[in-house]
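# Topology and contacts: notes
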Amino acid sequence: MSNERLIPEEIERVLLDEETIAARVRDLAAQVSADYGDSDDLVLVGVLKGAFIFMADLARQLSVPHRVDFIALSSYNKGSISDGAVRLIMDTRTNLTGRHVLIVEDILDTGYTLDYLLRIFRAREPASLRTCVLLSKPERRKIEVPVDYLGFEIPDVWVVGYGLDYADRFRTLPYIAALKREVYV
Ligand code: PRP
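Residues numbered from 1 in each chain as written. Predicted model: local features only at pLDDT ≥ 70, side-chain atom pairs only at ≥ 80, totals over all residues. Heavy atoms only, no water.

### Concerning the overall build of the chain
Check the secondary structure of the chain and you find four helices and nine strands. Each principal axis of the C-alpha distribution contributes one length, and for the chain these read about 50 × 40 × 25 Å. Buried residues in the chain amount to 46% of all 185 residues. Of the roughly 9700 Å² of accessible surface on the chain, 47% is carried by carbon and sulfur atoms. Across the chain, 23 positive and 29 negative side-chain charges occur, with their mean positions spaced 4 Å apart. (Helix = DSSP H or I, 4+ residues; strand = E, 2+ residues; numbered from the N terminus. Buried < 20%, exposed > 50% of the residue type's maximum accessible area, 1.4 Å probe, protein only. Areas by Shrake-Rupley, 256 points an atom, 1.4 Å probe, with all protein chains shown as cover. Lys, Arg positive; Asp, Glu negative; His and termini not counted. Charge placed at Lys NZ, Arg CZ, Asp CG, Glu CD.)

What follows is the structure in structure tokens.
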């Protein structure tokens, strides 16, 4: 079925369609399942809000036992020049100490959010700590962070859909699309 009728006028173009995303999520899930096959204490920690759809799809494709949990963060000065300050809004409910923790993130932009998360999680002494990121914008990076599983590298354009928003809109579009520049500039 065509998604043509679902494309709002604020959208410039679709970067990644539903089938492309689904195929990549299956690949990532297969890699994660292979790597964690021997561990019985895997916890996926999704970063809200953006990662909620990626998390749901990835988790349901895993063939290894796992728990799911979430953390909510927000960056100060989003949309302007960020100084990298990140605010913790909601913590995980799972005790991460001694567990194999996989952070599930929708997008890596400056890197400040993931860097912050890695620092606070390391202090909790997990058995292991890795990152799974659906989208990365390498041009925007301010701080290098390790990515263990990556979906796609994308150009420096504002993307929405599949969990990603503009002013909290467009999160539930089934594809990932670039917003028209005049909407956000
Ligand atoms: C987005 C995204 C990442 C973060 C990445 O979250 O979900 O968590 O920004 O940016 P960074 O690499 O520059 O730190 P956002 O603060 O927009 O919140 P949301 O997920 O609730 O939309």
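Next, the rest of the story.
### Describing the packing of aromatic side chains
Describing an aromatic ring pair means giving the distance of the ring centres and the angle of the ring planes. Tallying each qualifying case throughout the model produces two aromatic pairs. With a centroid separation of 5.3 Å and an interplanar angle of 85 degrees, the aromatic rings of W158 and Y166 are classed as edge-to-face. With a relative accessible area of 29%, W158 lands in the partly exposed category. The class of Y166 is partly exposed, set by a relative accessible area of 21%. Three or more aromatic residues joined by ring pairs make a cluster, and in this case those are W158, Y166 and Y184. (Phe/Tyr/Trp six-rings, centres within 6.5 Å; stacked < 30°, edge-to-face > 60°.)

### So, helix 2 (residues 52-61)
Listing the buried residues of helix 2 in full gives I53, F54, M55, L58 and A59. Close packing links the buried residues of helix 2 with helix 1 (18-35), strand 2 (42-48), strand 3 (67-75), strand 5 (100-108) and strand 6 (128-136). (Contact = heavy atoms within 4.5 Å.)

### Examining the environment of V101
Tracing the chain through its elements places V101 in strand 5. Remark: the alpha-carbon pair of V101 and V43, spanning 58 residues in sequence, is separated by 4.9 Å. Excluding anything up to four places from it in sequence, V101 contacts Y36, V43, V45, L96, F121, P126, S128, L129 and R130.

### With respect to the pattern of salt bridges
Opposite charge on two side chains makes pairing possible when the charged atoms of those side chains draw close. On inspection of all chains with the given rule, the structure shows 12 salt bridges. A salt bridge links R171 to D165; its shortest N-O distance comes to 3.5 Å. In this structure R171 comes out as buried when scored by relative accessible area, which is 14%. D165 gets classed as partly exposed once you look at its relative accessible area, which sits at 24%. A single network of salt bridges, built from pairs that share partners, joins K49, D165, D168 and R171. (Salt bridge = Lys/Arg side-chain N within 4 Å of Asp/Glu carboxyl O.)

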